[in-house]
Amino acid sequence: MRDFDKAFGLAVRQKRLELKLSQEELAFQSKLHRTYISQIERGIKSPSLRVISIVAYALQMKVYLLVQLAEDIYLTNEKQEGL
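An account of the accompanying structure is given in this report.

The rules behind these values
- Residues numbered from 1 in each chain as written.
- Predicted model: local features only at pLDDT ≥ 70, side-chain atom pairs only at ≥ 80, totals over all residues.
- Heavy atoms only, no water.
- Phe/Tyr/Trp six-rings, centres within 6.5 Å; stacked < 30°, edge-to-face > 60°.
- Helix = DSSP H or I, 4+ residues; strand = E, 2+ residues; numbered from the N terminus.
- Buried < 20%, exposed > 50% of the residue type's maximum accessible area, 1.4 Å probe, protein only.
- Salt bridge = Lys/Arg side-chain N within 4 Å of Asp/Glu carboxyl O.
- Core = buried A, V, L, I, M, F, W, Y, C linked by side-chain atoms within 4.5 Å.
- Contact = heavy atoms within 4.5 Å.

In this structure the tally under the stated criterion is one aromatic pair. Ring geometry for phenylalanine 4 versus tyrosine 74: centroids 5.7 Å apart, planes at 65°, classification edge-to-face. Of this pair, phenylalanine 4 sits in helix H1 (residues 2-18) while tyrosine 74 sits in helix H5 (residues 63-82), and the two are 70 residues apart along the sequence. Classification of phenylalanine 4 by relative accessible area gives partly exposed; the value is 23%.

Take unusual backbone geometry next. A positive phi angle, near 60°, is found at lysine 20, a position not held by glycine. The topology assignment puts lysine 20 in the loop between H1 and helix H2 (23-30). For lysine 20, a relative accessible area of 71% puts it in the exposed group. A positive phi angle is found at lysine 31, which is not glycine, with a value near 60°. Inspection of the secondary structure puts lysine 31 in the loop between H2 and helix H3 (34-41).

A separate point is the pattern of salt bridges. Counted according to the given criterion, the structure contains two salt bridges. Linking glutamate 18 and lysine 15 is a salt bridge whose minimum nitrogen-to-oxygen distance equals 3.7 Å. With glutamate 18 and lysine 15 both in helix H1, this residue pair falls three residues apart, about one helical turn. Note on glutamate 18: relative accessible area 48%, which makes it partly exposed. Residue class for lysine 15 comes out buried when judged on its relative accessible area of 18%. Two residues, glutamate 41 and arginine 16, come together in a salt bridge whose shortest N-O distance is 2.6 Å. With glutamate 41 in helix H3 and arginine 16 in helix H1, this pair connects stretches of sequence that are 25 residues apart. In terms of burial, glutamate 41 and arginine 16 fall into one category: buried.

Attention shifts here to the nonpolar core. One finds Phe8, Val12, Val55, Leu59 and Leu66 to be the most contacted residues of the largest nonpolar core, which totals 21 residues. When contributions to this core are tallied by element, the ones reaching two or more residues are H1, H2, H3, helix H4 (49-58) and H5. With residues near it in sequence (within four places) discarded, leucine 59 still touches Val12, Lys15, Arg16, Leu19, Leu26 and Leu66.

Mapped onto the elements of the fold, aspartate 5 is located in helix H1. The buried category is assigned to aspartate 5, whose relative accessible area is 13%. Once you skip the residues sitting within four places of it in the chain, aspartate 5 turns out to touch Ile40, Gly43 and Ser46.

Shown next, in the form of structure tokens:
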């Protein structure tokens with residue numbers, strides 16, 4: 001389900017930009033490599049639940065809210081493609 005991976009990446013990017021964080025700052029706060037953050041944001045990597053929780057915490061949000069944001073993005077894109 002690559003489309004959901006992309007939606008999740010967009011959710012991470014959206015929240016990161018709201019917080020005015022660079023990928024490098026998010027990587028530092030989450031103790032993940034910057035290139036891995038980039039791959040998540042581009043939908044190339046599908047993070048584990050553990051990584052999702054680490055990223056959510058670094059983005060100052062609850063895990064379920066980050067996943068919900070990704071789902072909202074995914075469903076919006078699905079509706080737009082169905083038109």
